Amino acid sequence: MSIADTGDLHKSHDHSDLGHTHDPFEAAPPAPVPPKETLAVAGEILRALAAPVRIAIVLQLHESERCVHELVGALGVTQPLISQHLRVLKAAGVVRGERNGREVLYRLVDDHLAHIVVDAVAHAEEG
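Residues numbered from 1 in each chain as written. Predicted model: local features only at pLDDT ≥ 70, side-chain atom pairs only at ≥ 80, totals over all residues. Heavy atoms only, no water.

Tracing the chain through its elements places Arg-54 in helix 3 (residues 52-63). Here Arg-54 is buried and forms no salt bridge, its nearest opposite-charge partner Glu-44 lying at an N-O distance of 9.5 Å. At 2.9 Å, the side chain of Arg-54 forms a polar contact with the side chain of His-85. Ignoring anything within four residues of it in the chain, the contact list for Arg-54 reads Arg-47, Ala-48, His-85, Val-88 and Leu-89. (Helix = DSSP H or I, 4+ residues; strand = E, 2+ residues; numbered from the N terminus. Buried < 20%, exposed > 50% of the residue type's maximum accessible area, 1.4 Å probe, protein only. Lys, Arg positive; Asp, Glu negative; His and termini not counted. Salt bridge = Lys/Arg side-chain N within 4 Å of Asp/Glu carboxyl O. Polar contact = N/O pair within 3.5 Å; in protein donor to acceptor, adjacent residues only side chain to side chain. Contact = heavy atoms within 4.5 Å.)

Structure, rendered in structure tokens:
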């Protein structure tokens, strides 16, 4: 294709006759901002997810529900440390525990937070 041919190419893809043009330097309209209370809760959730051990716990619970001793074995940290991190995650509404005999089984409240953690880990592994 010659340089002269590119003019015809551009004309064939000219969408100005469709009634809309887009200026790439035009400012986009502002995104809607959720209420301050919603933003505060979201901030608390993200702070709860900020510790490496808590990220690892969420990844474990994303696979299946687990009790404390299973998390201790999988992550190689002490039981008191796992329990402390589970308390933070529970207070932030990330996990919930359900008593099963002498043990408490922990599970994620929902998969939204697991997706955040999985995506963050994938992003970290890319770069």
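Running from N to C, helix 3 and helix 5 (residues 79-91) point in directions that differ by 80°, and their axes come no closer than 10 Å. On the basis of the axis angle, helix 3 is roughly perpendicular to helix 5. Each of Val-53, Arg-54, Ile-57 and Val-58 in helix 3 lies in contact with helix 5, whose residues at this interface are Ile-82, His-85, Leu-86, Val-88 and Leu-89. Here the contact of helix 3 with helix 5 is composed, by residue class, of 7 nonpolar, 1 polar and 1 charged. (Axes fitted to C-alpha atoms, helices over the stretch in contact; angles between N-to-C directions. Parallel < 35°, antiparallel > 145°, perpendicular 65-115°, else oblique. Nonpolar A, V, L, I, M, F, W, Y, C, P; charged D, E, K, R; others polar.)

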